[in-house]
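Spelled out, the chains give:
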Amino acid sequence: MSTFRTPRHRARLALAVAITVAAALTGPVSRAATPSAAGSSPSAGSSPATGPSPGAAGLGDPVFPLDGNGGYRVNRYLLDFDWQAPGTPFEAATTVRATATQALSRFDLDFAGNTLHTVTVNGTTATAVRDGDELVITPAEPLAEGEPFTVKVAYTADPTRIRHRDDAIEDYGWIPTPDGTVLYPQPDGAKMIFPSNDHPSQRAPITFHITTPPGLTAVANGKLTGRAEEADGRVRWTYDSGQPLATQLAQLAIGRFSFADSTGPHGLPLRDVVPDGLVAATEQYRKLTADHIAWLEERLGPFPFDRYGLLVGDTDLGVALETQTLSLIPKADLLGDRVSAERNLVHELTHQWTGDSVGIRTWSDLWLSEGHARFYERLYSQEHGGDSFEATMRTAYAAHDQWRHDYGAPAEPTEPNLFKRMRYDGSALVLYALREKVGPAVFGKIERAWVTRYRGKTAGTQDYIGLASKIAGRDLNGFLRPWLYGAKTPTMPNHPDWVVDPVQG
């Protein structure tokens, strides 16, 4: 996600939505998160002596403890949306194909809002209880460890569901457009769209089935695999994400769109999705994508997915989003000056390597995603008419102690300040310091090794430190950990004249 452009404020959509649930599906459940990955901790499982037990209500993430769920692994999501009109509730169903990683008496899905109708497990009605953002499901029969199972949740989706954060994210969830919607699920808004295991470490492929009225187009992550006109003139669109993705990177947009197809390096299919009235106005900057990919491939290696494109958002949202293989770019970013446009385009494109292909293990690892995207964004900009990279890093260095005070060290965010400046320029500064420490050649090897070693996987801060140490041939823990976790900003290598400003407040 890019925060370069100052967000424009707009009227907030109402958050209150009545949630009506059948009597059999109501009742409070109070449980705490278990601080372990899904099924990865011995304490999260069960033994023959104890029998089936509940899956954890959360993964214990240091920033969002109740996000994600324990006791199972999602193999695929199938989303079926019967879209009607902007701001109009519509019928939806989500099918979750999963495998139990412990013997389960019950388990949770993350689900916030919408009107719940029925829940089945393996085709049999299950007991389902709403508990805040958790949907607590008790199957008719316990699930054995290693057993594949299928959950189907039928509900009425509400495309006005939206939440707000007081950081760079601002509004997230269903973001309205004049004739439809785009999704903004970061950080944990996917649960407003569909029941899921909503944590960045939990990735699975998604199949989308979206039915639209005549004249509207549906788009989603991945490849269009089917388009069928129904008897009443409505159109059913089918997309497959291909590779697994985190729920925060899901995209589903509906509107009056045109497709602009082209080819990137090595024959990579490129497809931009553009509101009909913005095709010509945005073409100048959209056609730079192939050059941006080529520039990043020189530094990070081959593009990690089998296709890419831009989704132009006909909204006044202030930030772009790195939804996997289909980056969401607000129209204003493509209607201004070239330097600003390219900064945002390169930022979201970089995320396809770092943040999407190499996913983060916890939200505390967000610096690895946003710091890399800001680092290459600014490096590219310097080479293409923008500000000096060194000058911007010196400015960030001066402010670093203040950011540590206000927002936490780069790898120690708290929930309110997750998407503050420290995760962007403040985290890019850590990478800049590493490059100054080991030299550009070794740094380049570290970066290529990072996106190669963890391609299609999740990784965390210590993984990066360990890999950097291995490539550099020396232990970098003592250098990087103070940068990432310390209360005070360390001295910048090769720049003894750089000074950190005193903390105010």
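Please refer to the structure higher up on the page.
Sequence positions are assigned chain by chain, starting from 1 and proceeding in written order. Only residues with pLDDT of 70 or above have their local features reported here, since the model is predicted, and side-chain atom pairs are shown and tallied only from 80 upward, although totals for entire chains, interfaces and linings are computed over all residues. Water and hydrogen atoms play no part in the side-chain values, which are based on all heavy atoms of the structure.

(A) Structural context of the packing of aromatic side chains. Any Phe, Tyr or Trp ring, taking Trp's six-membered ring, that has another such ring centre within 6.5 Å forms a pair; planes under 30 degrees apart are called stacked, those over 60 apart edge-to-face, and the others tilted. The tally for this structure, following the rule as stated, stands at 25 aromatic pairs. Between the aromatic rings of Y72 and F149, the centroid separation amounts to 6.3 Å while the plane-to-plane angle is 80 degrees, which identifies the pairing as edge-to-face. With Y72 in strand 2 (residues 72-82) and F149 in strand 9 (residues 148-157), this residue pair connects regions lying 77 residues apart in the sequence. The same class applies to Y72 and to F149, which are both buried. Summarising the aromatic geometry, the rings of F303 and Y308 are spaced 5.6 Å apart at their centres and angled 65 degrees between planes, so their arrangement reads as edge-to-face. Taking relative accessible area as the criterion, F303 reaches 6% and is therefore assigned buried. Burial classes follow relative accessibility: with a 1.4 Å probe on protein chains only, a residue under 20% of its type's maximum area counts as buried, one over 50% as exposed, and anything between as partly exposed. The buried category is assigned to Y308, whose relative accessible area is 3%. Strands are runs of DSSP state E lasting at least 2 residues, helices are runs of H or I lasting at least 4, and numbering of each runs from the N terminus.

(B) Molecular detail of helix 8 (residues 461-472). Any helix carries an expected span of 1.5 Å times its number of residues minus one. The end-to-end C-alpha distance of helix 8, which contains twelve residues, comes to 16 Å, matching closely the 16 Å that a straight helix rising 1.5 Å per residue would cover. All buried positions along helix 8 are accounted for by T461, D463, Y464, I465, L467, A468 and S469. Check the buried side of helix 8 and you find it contacts helix 4 (366-383), helix 6 (425-438), helix 7 (440-453), strand 25 (458-459) and helix 9 (477-485). In the segment just after helix 8, G473 is the residue with positive phi, at about 75 degrees. Contacts are residue-level and defined by heavy atoms, with any inter-residue pair within 4.5 Å sufficient.

(C) How the structure looks around the environment of D80. With respect to the secondary-structure elements, D80 resides in strand 2. With a relative accessible area of 29%, D80 lands in the partly exposed category. With 376 residues separating them in the primary sequence, D80 and G456 have C-alpha atoms 26 Å apart. Beyond its immediate sequence surroundings of up to four residues, D80 is in contact with E91, A92, A93, H209 and R236. The term polar contact refers here to a pair of N or O atoms within 3.5 Å; inside protein, the definition further demands a hydrogen-donor-capable atom paired with an acceptor-capable atom, and it admits residues adjacent in sequence only when both atoms are side-chain atoms. There is a polar contact of 3.4 Å between the side chain of D80 and the side chain of R236.

(D) A look at the sheet that holds strand 4 (residues 104-110). Each pair of strands is called paired provided DSSP finds at least two bridges between the two strands. Sheet architecture is open: four strands sit in the order 1-4-8-7, paired in mixed fashion. Each having just a single partner strand, strand 1 (53-54) and strand 7 (127-131) make up the two edges of the open sheet. In this sheet, strand 8 (residues 134-138) lies alongside strand 7 in antiparallel orientation, the contact comprising five bridges. Its bridge partner being in strand 8, R130 is matched across the sheet by L135.

(E) Spatial organisation of helix 1 (residues 279-286). T282, Y285 and R286 are the residues of helix 1 that are buried. Projected onto a plane normal to the axis of helix 1, the buried residues spread over an arc of 90 degrees and lie on a single side. Where helix 1 is buried, its residues meet strand 20 (257-263), strand 21 (269-275), helix 2 (289-300), strand 22 (310-313) and helix 3 (338-353). Here, the arc refers to the directions that run from the helix axis to the C-beta atoms.

(F) View of the pattern of salt bridges. Here, a salt bridge means any side-chain nitrogen of Lys or Arg that lies within 4 Å of a carboxyl oxygen of Asp or Glu. All told, the structure shown has 25 salt bridges when counted by the stated rule. The shortest N-O distance in the salt bridge between R299 and E383 comes to 3.7 Å. Of the two residues, R299 sits in helix 2 while E383 sits in helix 4, which places them 84 residues apart along the sequence. Among the residues examined, E383 registers a relative accessible area of 42% and is labelled partly exposed.

(G) Focus on the environment of I293. Here I293 lies in helix 2. When the C-alpha atoms of I293 and I254 are compared, they prove to be 27 Å apart, with 39 residues separating the residues in sequence. Here I293 is in contact with P265, L268, L270, F303, Y308, L349 and W353, once residues within four sequence places are set aside.

(H) Inspection of the packing of helix 7 against helix 8 at higher detail. Two numbers describe how helix 7 lies on helix 8: the axes approach to 9 Å, and their chain directions differ by 130 degrees. Judged by the inter-axis angle, helix 7 sits oblique to helix 8. Where helix 7 crosses over helix 8, the two elements pack in a sense that is right-handed. Contacts between helix 7 and helix 8 pair V442, F443, K445, I446, E447, A449, W450 and R453 from the former with D463, Y464, L467, A468, I471 and A472 from the latter. Classification used: nonpolar for Ala, Val, Leu, Ile, Met, Phe, Trp, Tyr, Cys and Pro, charged for Asp, Glu, Lys and Arg, polar for all others including Gly. Residue classes in the contact of helix 7 with helix 8 are distributed as ten nonpolar, no polar and four charged. Helix axes are fitted only over the stretch in contact, all axes being lines through C-alpha atoms; the angle between N-to-C directions runs from 0 to 180 degrees. Angle categories: roughly parallel below 35 degrees, roughly antiparallel above 145, roughly perpendicular from 65 to 115, and oblique for all the rest. By convention, the crossing between two helices is left-handed when the near helix turns anticlockwise from the far helix through less than a right angle, and right-handed when the turn is clockwise.

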